Amino acid sequence: MNIVITAAGQGTRLKPLTNDIQKSLVSVGGKRIIEFNLENLSELGVENITIVTGYQSEKFHKLIGNNYKSCNIKYIHNSNYKNTENMYSLWLAMKEIDSEFIFINGDVIVHKEILARVLSSNYEDICLVDDQTKLGIEAMKVEIKKDKVVSFGRKLTGADARAVGLYKFSRSGSIKYRKQIEYFINKGDIKKDIVSALELFIKKYKLNVVRVESLPWIEIDDLDDFEKAKKIVNSI
């Protein structure tokens, strides 16, 4: 299984913590944000991880390196990180992956058991969701019918859950999803995020859900999230 982690953005909402470091390298609870997932993935036997970098990219090579425990780390640099979103970063990685993979936003930390569930799921293409949390204004919301995502949106009414920021694609699903991304890339619309392409994907194909249930996870997008993370990361 290949893992792709996008960690290219400047993380302006986490300033001043990100003044001179990419946000997935910010330390919380004695580890860097990205290390929680790297450590858990290593313990689950994952060997190949691709990290897409941009802002302060050289610090990944210094602080994480090319090997993290049992994981081999490959870096792809998004030199246009100032003008693009995570869809473009993911596309750069997908051009070099010809197999199933899991995509994780670099500011998301999930419990090891959640990762294990996604890795072992029989569903081909997966959106990880939390249907037990309060759906805040900025949360990416999803509507679910028969264990399938039928719509995405931050302003979605009638939402059933929040998208965590972790997705799994089979080999065939990867090919199909890449075509949706390239619909935007070919138009020069490189500022879309991954959900824009997912909205096209779910109109044609099945995207099942795996639920986090009661297990902890967090997205560290701003300083309030950072303070919350201090309280729960030790349980992750």
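Residues numbered from 1 in each chain as written. Predicted model: local features only at pLDDT ≥ 70, side-chain atom pairs only at ≥ 80, totals over all residues. Heavy atoms only, no water.

Asks: Could you give an account of the packing of aromatic side chains, naming the residues involved and the relevant values?
Replies: Following the criterion strictly, the structure yields 10 aromatic pairs and no others. With 6.3 Å between their ring centres and 20° between their planes, F103 and Y167 make a pair best called stacked. On the criterion of sequence distance, the pair formed by F103 in strand 7 (residues 101-105) and Y167 in strand 12 (residues 161-169) is long-range, its members being 64 residues apart. Exposure remark for F103: the relative accessible area of 1% places this residue in the buried category. Taking the centre distance of 4.6 Å and the plane angle of 5° together, the rings of F169 and Y177 count as stacked. Each member of the pair F169 and Y177 is classed as buried. One aromatic cluster is present, built from ring pairs that chain together F101, F169, Y177, F201 and Y205. Positioned above the aromatic ring of W91, the side-chain terminus of K95 is 4.3 Å from the ring centre. (Phe/Tyr/Trp six-rings, centres within 6.5 Å; stacked < 30°, edge-to-face > 60°. Helix = DSSP H or I, 4+ residues; strand = E, 2+ residues; numbered from the N terminus. Buried < 20%, exposed > 50% of the residue type's maximum accessible area, 1.4 Å probe, protein only. Lys NZ or Arg CZ within 6 Å of the ring centre and 35° of its normal.)

Asks: Describe the packing of helix 5 (residues 171-185) against helix 6 (residues 194-204), naming the residues involved and giving the relevant values.
Replies: Viewed as axis vectors pointing N to C, helix 5 and helix 6 meet at an angle of 125°, and their least axial separation amounts to 9 Å. Overall, the two elements helix 5 and helix 6 adopt an arrangement that is oblique. Crossing angle aside, the handedness with which helix 5 passes helix 6 is right-handed. Residues G173, K176, Y177, Q180, I181, Y183 and F184 of helix 5 touch helix 6, and the partners they reach there are I194, S196, A197, L198, L200, F201 and K204. (Axes fitted to C-alpha atoms, helices over the stretch in contact; angles between N-to-C directions. Parallel < 35°, antiparallel > 145°, perpendicular 65-115°, else oblique. Left-handed = near helix turned anticlockwise from the far one by under 90°. Contact = heavy atoms within 4.5 Å.)

Asks: Go over unusual backbone geometry, please, and point to the residues and values.
Replies: If a residue is not glycine, its phi is most likely negative; likewise, a peptide bond is most likely trans. In this model, K15 is joined to P16 through a cis peptide bond whose omega is 10°. Relative to the helices and strands, P16 is located in the loop between strand 1 (2-7) and strand 2 (27-28). Of note, D147 is a non-glycine position whose phi angle comes to about 65°, a positive value. The residue D147 is located in the loop between strand 10 (141-145) and strand 11 (148-153) in this model. On the basis of relative accessibility, which here comes to 25%, the residue D147 falls in the partly exposed class.

Asks: Requested: an account of helix 7 (residues 223-232), with residues and values cited.
Replies: When we look at burial in helix 7, the residues that qualify are D225, F226 and A229. Burial along helix 7 is one-sided: seen end-on, the buried residues are contained in an arc of 100°. Of the exposed residues in helix 7, those oriented more than 90 degrees away from the buried face are D224, K228 and K231. Those residues of helix 7 hidden inside the fold are in contact with strand 2 and strand 14 (217-219). For helix 7, the N-terminal cap is D222; the gap from its side-chain oxygen to the backbone nitrogen of D224 is 3.2 Å. (Arc of directions from axis to C-beta. Polar contact = N/O pair within 3.5 Å; in protein donor to acceptor, adjacent residues only side chain to side chain.)

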